[in-house]
Amino acid sequence: MYVGFVGLGVMGQPMALNLARAGTPLVVWNRTPARCEPLRAAGADVAASAAEVFERAGVVILMLADETATDAVLGRGTPDFAARVAGCTVVHMGTTSAEYSGGLEADVRAAGGRYAEAPVSGSRVPAEQGQLVAMLAGEEHAAQDVRPLLAIICRETFDCGPVPNALLTKLSVNLFLITLVTGLTEAFHFAGRHGLDLRRFLDVLDAGPMASAVSRMKAPKLLARDFAVQAAAQDVLKNNRLIAEAARKAGLASPLLDVCHTLFDETVARGHGGEDMVAVLRALEARSDATGLPGPPPADPSR
């Protein structure tokens, strides 16, 4: 039986490619048809519509940008919805609110389908390498359909219990990621504006206890002012909003997240939403430049 994959963006395309290259019978669809061509070359079938994916596949993975896109693909709120999901296992891998996922599970099950949420931790490079970390939630019979597929695209999968625990875990992980990368970027900016040798600064960081897979991926991008996307600033802002909303609903303080929210909002407003999340550096630079206070000139990044 075919596996369906809908949503071939920065993350979805390499994930689907790994499934195809592993020999998974795959049928794919994307709103932008050109994104399907690497999958066709890898042996996947390209559907003419999202509806065709559901007609042909027993398990359909959705890696979509937001709740609106997910509802549109599913035909949710229309007579098409029940026909698409009945007898199908729907796997929601995008990042949305926990409440949305809980409501979607109820609707899918009411229409005779199965549902699991399986958001992942990692960006484009781990997706290409099959090194993502998955968080899986849903009824066991649905999770059984999903685990073999996650084993191909992820290095590890964690069972999180019922929906929406996987998404709440993902939001918790993203809170740490957002504050971590923003802190690294601010430290880099601080060192640069004090005229330090930035390569030496990053070497010191890498040799010490603060080094991590994240710092080792993002530090070279900062040094080279390489803003090619791994995790887009606009997606980080969306995730930040989701986490902030979840915190407010639970009556939780999130002061670090709130500062990051403002900085990423400024980054996107300045036209850098399509760049990597380290482009938050641009918002920090703009704030420093706006102070009008004297200070050391920026260091030469090539040093």
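Above this note sits the structure.
For clarity, every value in this text was computed on a predicted model and none was experimentally measured.

Parameters and conventions
Residues numbered from 1 in each chain as written. Predicted model: local features only at pLDDT ≥ 70, side-chain atom pairs only at ≥ 80, totals over all residues. Heavy atoms only, no water. Axes fitted to C-alpha atoms, helices over the stretch in contact; angles between N-to-C directions. Helix = DSSP H or I, 4+ residues; strand = E, 2+ residues; numbered from the N terminus. Left-handed = near helix turned anticlockwise from the far one by under 90°. Contact = heavy atoms within 4.5 Å. Core = buried A, V, L, I, M, F, W, Y, C linked by side-chain atoms within 4.5 Å. Buried < 20%, exposed > 50% of the residue type's maximum accessible area, 1.4 Å probe, protein only. Phe/Tyr/Trp six-rings, centres within 6.5 Å; stacked < 30°, edge-to-face > 60°. Lys NZ or Arg CZ within 6 Å of the ring centre and 35° of its normal.

Caption draft 1: The packing of helix H9 (residues 165-193) against helix H13 (residues 255-272), seen in detail. Relative orientation of the contacting elements H9 and H13 amounts to 65 degrees, with a least axis distance of 10 Å. H9 and H13 meet at a crossing whose hand is left-handed. Each of Leu-175, Ile-178, Thr-179 and Thr-182 in H9 lies in contact with H13, whose residues at this interface are Leu-256, Leu-257, Cys-260, Leu-263 and Phe-264.

Caption draft 2: Quick peek at the nonpolar core. Within the largest apolar cluster, 33 residues are counted, with the highest numbers of intra-cluster contacts made by Phe-5, Met-15, Leu-26, Leu-39, Met-93 and Leu-150. Within the residue set of this core, elements represented by two or more residues are strand E1 (2-6), helix H1 (12-21), strand E2 (26-29), strand E4 (57-62), strand E8 (132-138) and helix H8 (140-153). By residue number, the principal contributor to this core is H8, which donates six residues. Sequence-distant contacts of Leu-26, defined by excluding residues within four places in its chain, comprise Tyr-2, Val-3, Phe-5, Ala-16, Leu-19, Ala-20, Leu-39, Ala-44 and Asp-45. Of all hydrophobic cores here, the second largest spans 30 residues; its members include Leu-171, Ile-178, Leu-242 and Ala-279.

Caption draft 3: Broad picture of the packing of aromatic side chains. For the coordinates displayed, the defined rule picks out zero aromatic pairs. Looking at Arg-56, its charged tip hangs above the ring of Tyr-2, at a distance of 4.7 Å from the centre.

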